[in-house]
Protein chains: 2
Amino acid sequence: MDDKEFREFGKAAIDYIADYKENLRDRDVLPSIKPGYLCELLPKEAPEKPETWREVLDDVEKHIMPGITHWHSPHFHAYYPTANSYPAIVGEIISAGIGCVGFSWIASPACTELEMITMDWLGKLLGLPEEFLNSSPGPGGGVLQGSASEATLVGLLAARETTVNRFKKEHPDWDEAIIRSKLIAYTSDQSNSSVEKSGRLGAMTMKLLPTDEKCSLRGATLLETIKKDIEDGFIPCYVVATLGTTPTCAFDNLNELGPICNKYNIWLHIDAAYAGAAFVCPEYRYLMSGVQYADSFNFNPHKWLLVNFDCSALWVKDSRFFTESFNVERIYLANNKDGPTHDYRHWQIPLGRRFRALKVWFVLRLYGVEGLQKHIRHTIELAQRFEKLVNDDNRFEIPIERQMGLICFRLKGEDKLTMQLLDRLMSRRKIYVIPGAYREKLVIRFAVCSRFSMHEDMVFAWNEIAEQASEILQAKLKPAAINESTLLTRPAKKSIEMVSRIKDLEMENKQLNTAFMVK
Amino acid sequence: MDDKEFREFGKAAIDYIADYKENLRDRDVLPSIKPGYLCELLPKEAPEKPETWREVLDDVEKHIMPGITHWHSPHFHAYYPTANSYPAIVGEIISAGIGCVGFSWIASPACTELEMITMDWLGKLLGLPEEFLNSSPGPGGGVLQGSASEATLVGLLAARETTVNRFKKEHPDWDEAIIRSKLIAYTSDQSNSSVEKSGRLGAMTMKLLPTDEKCSLRGATLLETIKKDIEDGFIPCYVVATLGTTPTCAFDNLNELGPICNKYNIWLHIDAAYAGAAFVCPEYRYLMSGVQYADSFNFNPHKWLLVNFDCSALWVKDSRFFTESFNVERIYLANNKDGPTHDYRHWQIPLGRRFRALKVWFVLRLYGVEGLQKHIRHTIELAQRFEKLVNDDNRFEIPIERQMGLICFRLKGEDKLTMQLLDRLMSRRKIYVIPGAYREKLVIRFAVCSRFSMHEDMVFAWNEIAEQASEILQAKLKPAAINESTLLTRPAKKSIEMVSRIKDLEMENKQLNTAFMVK
């Protein structure tokens, strides 16, 4: 493909994306295909001869789009948002065009330096303590990771090595293997599955602690467990506190957890993957009160701050713990920082790294602080609007207070009603919501996700939910009215294939639930 | 930014990239700035109000480009290539536009399925054993990772958990901590620094074994070490063999290592990050003879196969080792595979994942097998051309045979001559080469990297090298002729600042050397 063809192809791709975004509401949010659909459509081997770009772009629409779950559709209310914006897309384009690999300063100085600068912009925007900034005189700093999972794991590994080294120094006669086996990490039973996974990857026991009625991890619970574990000869090493949990957007109590971690020399990592973006608005910063106790803080601009995935922002108070733990060069660190600029390869798991800071820079400049604040406030307003619609219908209840853009609600009564409602919504594909759990009760998680969402979309979603609820509740009054054979004879859903598809989707739905909700 | 503005901005970005690529030779391959240059140019905080896209795009040229090391310049001969092609860039654009997060099938079925299909295309293209393919009846399969570092780590962690579980079953009375502490991994002293780092991250001793005169790890060395370690009570667990090492593109002897690993129940992982791409040409497949013994195989399409970074292809013979080790759901695996399609989140460290398969698909279709083979063969031809230029100059020697697109050469005599030559080349910025080591001797690593490289670029690079060598060797005859003060008075390099910059660059250069060359 020569330059001329690239100009044509690239511009056609830009138009394709703009058209896609403009007409997102015309597509069902969920695809109507069965597992394995694509294998039946595509050849078994790569073509011998080059094809044309028009054929490939046509196939995106013909073969790929029917298998896409549209995360940016205003009818997508599952999980949490994944960010997407025009400035970020163009940032990705320029980054792909430059195509540098920024594992060291000289490998492309701008790649490292723009990351240091934009991480400081972001840190100031959130109101993080100065110690976390690259421009601070101390050893703190910020770095872009690919995901919150990696940020949590990097924190755990640094905490692990740091603690092992400390104990080896304090007790030169202790066996290192024994020290390692006694390390323990803690998080709430509401934290994301990736936190538990980080314990497994890092070979450290990760205890999932119970939370209060607001799903918040409290100091007393942590303290009691730590004391007991120390008595039993274990070494508390790492705590992951969440600001905005995946199941219900709950906030752990940093003001209680922080002093305990500091007192017992335990690395405190804050996972604010979703809710962290809200701190660009000063009125929500009270929710991160206690952040000053943390050793590391992470949030995902790629969730709610309009920077395309992947872009996870991690700050650390003392970056020497990273460089000492991960630097295979074992060079003595004479300075507070690893030079006038960072060598970010020592701050992360992989050696290579993309020029991710470009898209952050584009988003911050093209939205401005005002634009980002407006986006956060608009999302929350929509969630409040939806909350009111639920509250106004006395068939429903909201067992745990709405937080940010997430409402967890259910049909009053037994779980099976809510499950029926979820199944119906899933099979109709008009909106995408997923199940959640609050204190053993099944709830529907409704998140405002798309940046295209409007008040009308809340009404659209609510009408769909309320209408399906009516059908279920009417059926309940007349038990014979709805069963599998009834489904089979209804005009719109008469084929066996449709029933099988619903079952497949239900199965997937359950898998998702287990993946996302730590039980 | 509305749709209309995005169309303008996006298309301007496409033109910017096409212009950039067309005029790459006009830019010095290395930047002429000092560490911290960008902090002085950019504001300390994000702007309050949105700016315009034209301002931002202008700043890319004005502030970012002067700090870029141009990895796709035909004068870039450092490290190894990082891939970049027009089809891959457009693949990234479409992926960014769709913006799905493919952690499960339902999260966007096409994202998972296209990855399964393109990984099979790639696997067949390389001639991998059928057991590695997603379409095989067994539990094997392929997955895209972000980097070879992650692939090596994922292999190590799976090997670790699998071995621990096996020993716990065989010896229920053994303490798990003791088992973990006795696990050992092996690799050659030539393997990439990320292999050693994976041991550190995974808390497993990684022994760097000596290699033969071709820098190849041999069976006898491994066997002897393993036997000794077992006698000493250790548990051999993981071997990383490299096909195409970073320092000299050496190939470990799989036919010797493989049977030993299989006999001792050690996970054999193959890191073919760079050289793996060459196996699309049947004439190079003899270099992976013995691949059938491996448990996992990894190469980076993002190095030499025209798919933009990040895109690292990993195949595994039994994916259950991944899903059992990393699946926090702990669901019993009834099937050989985890369903009709994979849940790739269990095959990797992070939970989230981009739609990377799109760019692979675009590259495979728009180049075709023929186009990819042509690219590999062209690179090697250019390297042969350069090799001849070195061989024809009797001031130089090539101490280790050229492999693929990499030539390691040096000035005959003491290391300091080659070091002087490297320093001169670095400070002149006309070409970018880095130092390497072969059996304690300093060499210059010259890799053919850019897809734009032509025969003329080999001549250009050689003229630059030969000319600088002449100056050094003449200076050697007349010791007084070149010293720091001479440098200072020469017209083109007269300022103190230039000398300081040279020193900075030398320092960076040395850091790079330590990062890339395992000593």
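Residues numbered from 1 in each chain as written. Chains lettered and ligands numbered in written order. Predicted model: local features only at pLDDT ≥ 70, side-chain atom pairs only at ≥ 80, totals over all residues. Heavy atoms only, no water.

Looking at an unreviewed UniProt entry, one finds chain A named Dopa decarboxylase, with Nasonia vitripennis as its source organism. For the record of chain A, the UniProt heading Cofactor (unreviewed entry) holds the text "pyridoxal 5'-phosphate". UniProt's Sequence similarities (unreviewed entry) comment on chain A is quoted here verbatim: "Belongs to the group II decarboxylase family." (UniProt positions renumbered as here; feature names shortened; annotations may be inferred.)

Novice: Just checking my understanding: could you explain the state of the cysteines for this structure?
Specialist: By definition, a disulfide links two cysteine residues through a covalent bond between their sulfur atoms. Scanning all chains against the criterion turns up zero disulfides over all chains. The structure places no disulfide on C449(A), whose sulfur is separated from the nearest cysteine sulfur, that of C249(A), by 12 Å. Residue C449(A) is classed as buried on the basis of its relative accessible area of 8%. A disulfide-free cysteine, C111(B) has its sulfur positioned 4.3 Å from the sulfur of C100(B), the nearest such atom. (Disulfide = S-S within 2.5 Å. Buried < 20%, exposed > 50% of the residue type's maximum accessible area, 1.4 Å probe, protein only.)

Novice: Please clarify how the pairing of strand β7 (residues 312-316) of chain A should be interpreted in this entry.
Specialist: Residues in a regular strand point their side chains to alternate faces of the sheet. Residue and element names in this part refer to chain A. Counting buried positions along β7 yields five of five residues, so the element is predominantly enclosed. Both faces of β7 are covered, namely the face carrying S312, L314 and V316 and the face carrying A313 and W315. Pairing geometry for strand β6 (residues 296-299) and β7, over four bridges, is antiparallel. The residue of β7 that forms the bridge with F297 is W315. (Helix = DSSP H or I, 4+ residues; strand = E, 2+ residues; numbered from the N terminus. Pairing = 2+ DSSP bridges.)

Novice: Quick question: what am I supposed to make of the interface of chain A and chain B here?
Specialist: Buried accessible area, meaning the area lost when the parts come together, often serves as the stated size of an interface. With 140 residues of chain A in contact, the opposing surface of chain B contributes 141 residues. Both faces combined, the contact of chain A with chain B buries some 12700 Å², and carbon together with sulfur accounts for 67% of it. Where chain A touches chain B, the interface holds 16 salt bridges. Note that D15(B) is salt-bridged to R7(A), the shortest N-O span being 2.9 Å. Among the elements that take part in the side of chain A that touches chain B, helix α1 (residues 3-22) of chain A stands out by supplying 16 residues, more than any other. For the side of chain A that touches chain B, a count of residues per class yields 75 nonpolar, 28 polar and 37 charged. (Contact = heavy atoms within 4.5 Å. Buried area = accessible area lost by both parts, 1.4 Å probe. Salt bridge = Lys/Arg side-chain N within 4 Å of Asp/Glu carboxyl O. Nonpolar A, V, L, I, M, F, W, Y, C, P; charged D, E, K, R; others polar.)

Novice: Please explain the packing of helix α4 (residues 86-98) of chain A against helix α4 (residues 86-98) of chain B as it appears in this structure.
Specialist: Between two packed helices, the angle of one axis relative to the other and the distance separating the axes together describe the packing. The N-to-C vectors of α4(A) and α4(B) enclose an angle of 160°; their axes lie 9 Å apart at closest approach. The angle between α4(A) and α4(B) falls in the class roughly antiparallel. Every pair of crossing elements has a handedness; the one defined by α4(A) and α4(B) is right-handed. The residues of α4(B) that touch α4(A), namely those facing I89(A), E92(A), I93(A), A96(A) and G97(A), are I89(B), E92(B), I93(B), A96(B) and G97(B). In terms of residue class, the contact of α4(A) with α4(B) is made up of six nonpolar, two polar and two charged. (Axes fitted to C-alpha atoms, helices over the stretch in contact; angles between N-to-C directions. Parallel < 35°, antiparallel > 145°, perpendicular 65-115°, else oblique. Left-handed = near helix turned anticlockwise from the far one by under 90°.)

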